[in-house]
Amino acid sequence: MEMTMRWYGTGFDTVTLKQIRQVPGVTGVITTLYDTTPGELWSQERIHALKEEVEAAGLHIAGIESVNIHDAIKVGTPDRDKYIDNYIETLRNLGKEDIHLVCYNFMPVFDWTRTELARKRADGSTVLAYSQKTIDSIKPEEMFDSIKDDANGVVLPGWEPERMAKIKDLFEMYKDVDDEKLFENLKYFLERIMPVCNEYDIKMAIHPDDPAWPVFGLPRIIINLPNIQRMMSMVDDPHNGVTFCSGSYGTNLENNLPEMIRALKGRIHFAHVRNLKFNSPDDFEESAHLSADGSFDLYEIMRALYDIGFDGPIRPDHGRMIWDEVAMPGYGLYDRALGATYLNGLWEAIVKSHAAK
Ligand SMILES: [Mn+2]
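Residues numbered from 1 in each chain as written. Predicted model: local features only at pLDDT ≥ 70, side-chain atom pairs only at ≥ 80, totals over all residues.

## As for the overall build of the chain
Consideration 1: Secondary structure assignment for the chain yields 14 helices and twelve strands.
Consideration 2: When its C-alpha atoms are laid out on the principal axes, the chain stretches across 55 × 50 × 40 Å.
Consideration 3: Classification of the 357 residues of the chain by burial places 43% in the buried group. (Helix = DSSP H or I, 4+ residues; strand = E, 2+ residues; numbered from the N terminus. Buried ≥ 20, exposed ≤ 12 C-beta atoms within 10 Å, placed from the backbone.)

Right under this line is the structure:
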């Protein structure tokens with residue numbers, strides 16, 4: 001595996017490439033062109049400039065998170081082909097710049113959902129949290145207003161204000177889209193992009209829906225092992241794979257994370273590893289990465305990745321806000337650096353314990 005950190009780009013991220021370079025063992029970044037909109041064509045020039053900036057800092061681009069999918073593609077409207085054409089061209093331009101991993105998601109309306117961005121914990125740190133009771137008591141259009149004051153003034157990925165202003169229209173757009181329709185539209189998209197993925201060896205890594213169940217009545221399909229297996233078999237190509245995100249699949253306690261990893265051998269192209277602390281089955285918060293601080297055994301998760309021979313990029317995921325840092329919720333430097341160091345430590349111990357046998 002290669003340890004990486006997510007970086008939103010100069011002007012968008014409070015964390016610098018220099019800081020990331022100084023986290024022991026981190027050699028790459030997972031980045032994006034944050035000012036592009038879904039459906040927009042990424043020029044090779046802009047990708048090249050981003051790559052040069054990252055490489056000048058002594059790092060490399062290990063993958064893109066995300067190239068977002070336009071709603072027309074997810075809904076399957078008649079104009080979807082023009083957006084898929086742009087997506088194919090973007091993939092081609094990434095391939096020409098020697099970038100071979102793309103993370104994306106197929107979630108309707110909301111990229112991810114949390115009810116709090118700064119829940120205070122006993123140690124004074126703040127974390128993202130989710131309460132189903134809160135979701136059940138508010139309307140989707142109230143969701144954005146309820147969290148935006150805790151966003152530390154930054155635009156959250158998937159929660160852009162201009163997008164949230166259209167939220168009722170978005171719900172209207174998705175009103176006839178159920179699980180079956182969403183699978184069908186995903187299949188159509190994947191079938192169209194696989195030729196360019198094969199030509200440039202680009203691994204597509206779908207990110208799970210977060211949380212891994214329907215929210216506000218919207219369909220959610222990338223939520224458990226049977227659904228991922230369906231997704232992979234309907235377009236059976238090794239380039240059609242997954243981002244294994246422990247914090248997203250883990251929202252559903254029925255998902256056995258190490259077992260899922262073992263079952264997905266060869267098709268996990270990217271890993272997000274973090275912990276969650278469940279206070280009840282429908283209330284969780286994003287704890288520190290350390291196993292003892294949350295509900296998951298991070299050693300078992302890392303061991304499963306080792307056992308399947310995982311060799312892709314991995315990154316610590318959302319971190320707590322600690323040491324008075326002000327940053328995008330979940331994406332401060334300090335706790336993610338602790339997370340990377342902890343995951344590297346687990347990995348070193350696993351590797352050496354195998355070598356000793
Ligand atoms: Mn994730």
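## Quick look at the pairing of strand β4 (residues 101-105)
Consideration 1: The buried fraction of β4 is high, at five of five residues.
Consideration 2: Of the two faces of β4, the one carrying Leu101, Cys103 and Asn105 and the one carrying Val102 and Tyr104 are both buried.
Consideration 3: Here strand β3 (residues 60-65) runs beside β4; their pairing, made up of two bridges, is parallel. Paired with Ile64 across the strands is Val102, a residue of β4.
Consideration 4: Bridge count between β4 and strand β7 (residues 203-207): five bridges; the pairing is parallel. The partner of Cys103 across the bridge, within β7, is Ala205. (Pairing = 2+ DSSP bridges.)

## Comments concerning the nonpolar core
Consideration 1: The biggest cluster of nonpolar side chains holds 87 residues, and the ones touching the most others in it are Ile20, Val29, Val102, Ile261 and Ile301.
Consideration 2: In terms of residue count, helix α9 (residues 179-200) provides more of this core than any other element does, six residues in total.
Consideration 3: If we ignore the near neighbours within four places in the chain, the residues touching Ile20 are Met5, Trp7, Val15, Val26, Val29 and Leu59. (Core = buried A, V, L, I, M, F, W, Y, C linked by C-beta atoms within 7 Å. Contact = placed C-beta atoms within 7 Å.)

## Quick word on unusual backbone geometry
Consideration 1: Ser66 follows Glu65 through a cis peptide bond whose omega is 0 degrees.
Consideration 2: Mapped onto the secondary structure, Ser66 falls in the loop between β3 and α3 (71-75).
Consideration 3: Cis peptide bonds are those with omega within 30 degrees of zero, and the linkage from Asp210 to Pro211 qualifies with 0 degrees.
Consideration 4: As for its placement among the helices and strands, Pro211 is situated in the loop between β7 and α10 (225-234).
Consideration 5: The backbone phi angle of Asp98 is positive, close to 65 degrees, even though this residue is not glycine.
Consideration 6: Examined against the element boundaries, Asp98 turns out to sit in the loop between α4 (80-96) and β4.
Consideration 7: Non-glycine residue Trp323 carries a positive phi angle of around 55 degrees.
Consideration 8: Along the chain, Trp323 turns up in the loop between β12 (313-316) and α14 (334-355).
Consideration 9: According to the C-beta neighbour criterion, Trp323 is exposed, with 11 such atoms within 10 Å.

## A few points about the sheet that holds β3
Consideration 1: Taken in spatial order, the eight strands line up as β1-β2-β3-β4-β7-β8-β9-β12 and close into a barrel, and their pairing is parallel. Sheet twist, expressed as the average angle between the axes of neighbouring strands with direction ignored, equals 30 degrees.
Consideration 2: Looking at chain direction, strand β1 (residues 2-6) and β12 are connected through two bridges and run parallel. Within the sheet, the bridge partner assigned to Glu2 lies in β12 and is Pro313. (Axes fitted to C-alpha atoms, helices over the stretch in contact; angles between N-to-C directions.)

## With respect to the sheet that holds strand β11 (residues 283-285)
Consideration 1: A sheet is described by the order of its strands in space; here four strands give the open sequence β5-β6-β11-β10, paired in antiparallel fashion. Each edge of the sheet is formed by a strand with only one pairing partner; in this case those strands are β5 (116-120) and β10 (277-280). Pairs of neighbouring strands in the sheet enclose a mean axial angle of 35 degrees, with direction left out of account.
Consideration 2: Taken together, the three bridges between β5 and strand β6 (residues 126-131) define a ladder with antiparallel strand orientation. Bridge assignment links Lys120 to a residue of β6, and that residue is Thr126.

## Details of the packing of α4 against α9
Consideration 1: α9 packs onto α4 with a crossing angle of 15 degrees between their chain directions and a minimal axis gap of 10 Å. In terms of their interaxial angle, α4 and α9 are classed as roughly parallel. As α4 runs across α9, the sense of the crossing is right-handed. For the pair α4 and α9, the contacting residues are Ile84, Tyr87, Ile88, Leu91, Arg92 and Gly95 in the first and Phe189, Arg192, Ile193, Val196, Cys197 and Tyr200 in the second. (Parallel < 35°, antiparallel > 145°, perpendicular 65-115°, else oblique. Left-handed = near helix turned anticlockwise from the far one by under 90°.)

## Quick word on the packing of helix α13 (residues 298-307) against α14
Consideration 1: Remark: α13 packs on α14, axes separated minimally by 10 Å, with the N-to-C direction vectors making an angle of 55 degrees. With respect to their mutual orientation, α13 and α14 come out oblique. Crossing hand, α13 versus α14: right-handed. On α14, the residues that touch Leu298, Tyr299, Met302, Arg303 and Tyr306 of α13 are Leu343, Leu346, Trp347 and Ile350.
Consideration 2: Among the residues making up the contact of α13 with α14, the classes are represented as eight nonpolar, no polar and one charged. (Nonpolar A, V, L, I, M, F, W, Y, C, P; charged D, E, K, R; others polar.)

## A closer look at the environment of Thr4
Consideration 1: Here Thr4 is to be found in strand β1.
Consideration 2: When the C-alpha positions of Thr4 and Ile88 are compared, they lie 26 Å apart, and in sequence the two are 84 residues distant.
Consideration 3: Setting aside residues up to four positions removed in sequence, Thr4 forms contacts with Val26, Gly28, Val29, Ile30, Ala62, Pro313, Ile314 and Arg315.

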